[in-house]
Amino acid sequence: GNSSNNFYEEMRVVANELDKNKLVLKQDVATRWNSTNDMLERLVDCEEVVKKVLDEKGWAEIIAKKSNTDKKKIHEKDWKIMKNVTKTLSPFKSATEQLSSNAACISECIPVVSMLQKTLESCGDSDQGVKDLKKRLGSNLQRRTDYMEDTEIYTIATLLDNRYKNCYFQDPAKRMKAEDRLKELLEHEILLLPVKEDTVVVASSSGENNNNTN
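Residues numbered from 1 in each chain as written. Predicted model: local features only at pLDDT ≥ 70, side-chain atom pairs only at ≥ 80, totals over all residues. Heavy atoms only, no water.

Quick look at the nonpolar core now. One recurring pattern in soluble globular proteins is that nonpolar side chains are buried together. Counting residues in hydrophobic clusters, the biggest one holds 21 residues, and the most contacted among them are Phe7, Met11, Leu25, Val50 and Val53. If sequence neighbours within four positions are ignored, Val53 has contacts with Phe7, Glu10, Met11, Val14, Gly58 and Trp59. Ranked by size, the runner-up nonpolar core spans 14 residues in total, among them Ala95, Cys109, Leu120 and Tyr154. (Core = buried A, V, L, I, M, F, W, Y, C linked by side-chain atoms within 4.5 Å. Buried < 20%, exposed > 50% of the residue type's maximum accessible area, 1.4 Å probe, protein only. Contact = heavy atoms within 4.5 Å.)

See the structure below:
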């Protein structure tokens, strides 16, 4: 309604004053991939503008009155958590874009999943407020992708991709199994190759070379 329009107009005015006029807030859309990350990233980018609009321009009180709630304040701790959430979600956005590309290869799946799991490892201060998020993301990611290292089409493609080879498998036993299977396939292909006999020069009794060759 008018309140929303007035709030965004105030945002535009303040953003222009702070030379951040190209930034506008984004909304989370349940049906759009990565929209939560995009929303939080933009909010963090607009931190200075949002703080000024809410506090100096009095919009924190206006919003509280409109929603019939107590005045809300975004504390420094909240901003820190938002930044850590975007750091956690950002690699998932990059992975989604990479694997959704028309140029994506099936050989990229295992390496991308492995690198995502690596980003979810504990990182000290940057884990503030996101430890449980990381834990749940890691658990869900493993549950949804664990089959890849057991599926030949993924494992063989990854081994044959010169960018990745055998470097990104999370389970050493599954990596060794995939390597053994690749050797089996290679040996089978070698057996199917036509046998080429070497050219043989037969010497005649007169000492001259015979032009007949095998």
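Once you've had a look at it, read on.
The description of two packed helices rests on the angle between their axes and on the distance between the axes. Taken N-terminus to C-terminus, the directions of helix α8 (residues 152–160) and helix α9 (residues 172–192) make an angle of 80°; their axes are 10 Å apart at the nearest point. If you check the angle between α8 and α9, you find them roughly perpendicular. Touching Glu152, Thr155, Ile156, Leu159 and Leu160 of α8 are Ala178, Glu179, Arg181, Leu182 and Leu185, all from α9. Grouping the constituent residues of the contact of α8 with α9 by class yields 6 nonpolar, 1 polar and 3 charged. (Axes fitted to C-alpha atoms, helices over the stretch in contact; angles between N-to-C directions. Helix = DSSP H or I, 4+ residues; strand = E, 2+ residues; numbered from the N terminus. Parallel < 35°, antiparallel > 145°, perpendicular 65-115°, else oblique. Nonpolar A, V, L, I, M, F, W, Y, C, P; charged D, E, K, R; others polar.)

Residues that lie three or four places apart on an α-helix share one face, since the helix turns once every 3.6 residues. Taking 1.5 Å per residue as the helical rise, α9 with its 21 residues ought to reach 30 Å, and the 31 Å between its terminal C-alpha atoms agrees with that figure. Backbone nitrogen of Ala173 and a side-chain oxygen of the N-cap are separated by 2.9 Å at the start of α9; the cap is Asp171. (Expected span 1.5 Å × (residues − 1). Polar contact = N/O pair within 3.5 Å; in protein donor to acceptor, adjacent residues only side chain to side chain.)

Low-pLDDT portions of the prediction should not be read for the details of their coordinates. Per-residue confidence for the protein chain gives a mean pLDDT of 86; residues scoring 70 or more make up 89%. Element-level mean pLDDT values for the protein chain span from 78 in helix α4 (residues 59–66) up to 98 in α8. (pLDDT = per-residue confidence, 0-100.)

Inspection of the secondary structure puts Ser101 in the loop between α5 (76–100) and α6 (109–119). At 3.0 Å, the side chain of Ser101 and the backbone nitrogen of Ala103 are in polar contact.

This part takes up the pattern of salt bridges. Considering all chains together, one arrives at 18 salt bridges under this definition. A salt bridge links Glu41 to Lys93; the shortest N-O distance between them is 3.9 Å. With Glu41 in helix α2 (residues 35–45) and Lys93 in helix α5, this pair connects stretches of sequence that are 52 residues apart. When the shortest N-O distance is used, the salt bridge between Glu47 and Lys51 registers 2.8 Å. Of this pair, Glu47 and Lys51 both sit in helix α3 (residues 47–56), separated by 4 residues, roughly a single helical turn. Beyond isolated ion pairs, a larger network of salt bridges with shared partners links Glu47, Lys51, Glu76 and Lys83. (Salt bridge = Lys/Arg side-chain N within 4 Å of Asp/Glu carboxyl O.)

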